[in-house]
Structures are given as C-alpha cells and as structure tokens.
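An overview of the molecular structure
Here are the chains, one letter per residue:
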Amino acid sequence: PPPANLGVPGLSAPAERRAPIPEPVRRASPTAPTAEPRARAKDPGLRGVPLGSLAACVSDRREDELKQKVMAAVTTQKECVSEAGRYRFVETKNLNAFLMWIERSSSRRMADRCAELTLALNCLRRGGGRE
C-alpha cells in the first residue's frame, strides 16, 4: 500500500480541515445599472453618469477605438455640449484610465458606451467644447 501522505496537500487531511472549493468567477452583466453610481457622491460637481456604468459595446475593440478617437480629439477642453447632452472629460490621457461623464439631454434615452462615445466625438468635431 502507498504511504499515508504522498506530499499532496489534502490527501491525508480530514474532511473538516480541507480548504473550501472557491466559487466560480462570474462576469458582470453588460447592462447598465438601474441605480445611479456611487462615484457621483464623491464629486458633487459632476452630474450624470460615468461611461463605464453604461451597457458595454458589442465589441471591446470598437469601444477602445472610439475612446482613442475621443482622446485624440480632446485637447484642452474639459467638456463638450451638444443637443445630445454634456460630456465631461475627466481622464483622457490614458486608455486604461479613460473616464468620461455623460449628462444626456432629457429628450433622449441613455445609450451604450459606443453610442455615447460617438456622440461625444461628434460634439468635439463640431466644436461644442468649453474650457
């Protein structure tokens, strides 16, 4: 018969001393949350919602392409206003830290990230930026 402990953890340990099996990792749903994000409470000067709280784009690559276009279009402006709403550019120097707040006009529904990035890019191209 083999020795009681072959150097493999858990083989000779009683059942009550074994480590619990971890829960499987679940991906977050791509839908937008129904409640307003908590980040708003940190900075009362920002209204609206952060881009990351919206429903994800169908393609991560498309979302990154649009973020890069917005980053290239933002020079010194901190926000852009159009008929679609107000876009505030909080962090546009780094793709991984990209942060944009959206305050949509009351005449339209909130869209997914790609739609909002496209609207922000259109706003920047039309010169709706403010210092």
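Residues numbered from 1 in each chain as written. Predicted model: local features only at pLDDT ≥ 70, side-chain atom pairs only at ≥ 80, totals over all residues. Heavy atoms only, no water.

1. Quick word on the pattern of salt bridges
The final tally for this structure, using the stated rule, is nine salt bridges. In this structure, Arg 86 and Glu 103 form a salt bridge, with 3.9 Å as the shortest nitrogen-oxygen distance. Pair noted here: Arg 86 is in strand 3 (residues 85-91) and Glu 103 is in strand 4 (residues 99-104), with a separation of 17 residues, a long-range link. Notably, a salt bridge pairs Glu 103 with Arg 88, separated by 3.6 Å at the nearest N-O pair. (Salt bridge = Lys/Arg side-chain N within 4 Å of Asp/Glu carboxyl O. Helix = DSSP H or I, 4+ residues; strand = E, 2+ residues; numbered from the N terminus.)

2. Overview of the nonpolar core
Counting residues in hydrophobic clusters, the biggest one holds 21 residues, and the most contacted among them are Leu 51, Val 70, Tyr 87, Phe 89, Phe 98, Met 100 and Leu 117. Of all elements in the fold, only helix 2 (60-73), strand 3, strand 4 and helix 3 (113-126) reach the threshold of two or more residues within this core. Counting residues per element, this core draws most heavily on helix 3, at six residues. Ignoring any residue separated from it by four or fewer positions in sequence, one finds Met 100 in contact with Val 49, Pro 50, Leu 51, Tyr 87, Arg 88, Phe 89, Glu 116, Leu 117 and Ala 120. (Core = buried A, V, L, I, M, F, W, Y, C linked by side-chain atoms within 4.5 Å. Buried < 20%, exposed > 50% of the residue type's maximum accessible area, 1.4 Å probe, protein only. Contact = heavy atoms within 4.5 Å.)

3. Notes on the confidence of the model for the chain
A residue-level look at the chain finds 61% of positions with pLDDT of 70 or above and a mean pLDDT of 77. Ranking the elements of the chain by mean pLDDT puts helix 1 (residues 39-42) last with 42 and helix 2 first with 96. Segment residues 27-43 is flagged for pLDDT under 50; beyond a separation of four residues in sequence, or across chains, it makes 15 contacts in the model. (pLDDT = per-residue confidence, 0-100.)

4. Concerning the state of the cysteines
Taken as a whole and judged by the stated rule, the model has two disulfides. The disulfide that involves Cys 80 links it to Cys 123, with 2.0 Å between the sulfurs. Disulfide Cys 80 to Cys 123: torsion about the S-S bond roughly -100 degrees, handedness left-handed. With Cys 80 in strand 2 (residues 79-82) and Cys 123 in helix 3, this residue pair connects regions lying 43 residues apart in the sequence. By the burial criterion, Cys 80 is buried, and Cys 123 matches it. Sequence-ordered numbering of the bonded cysteines in the chain gives a pairing of 1-3, 2-4. (Disulfide = S-S within 2.5 Å.)

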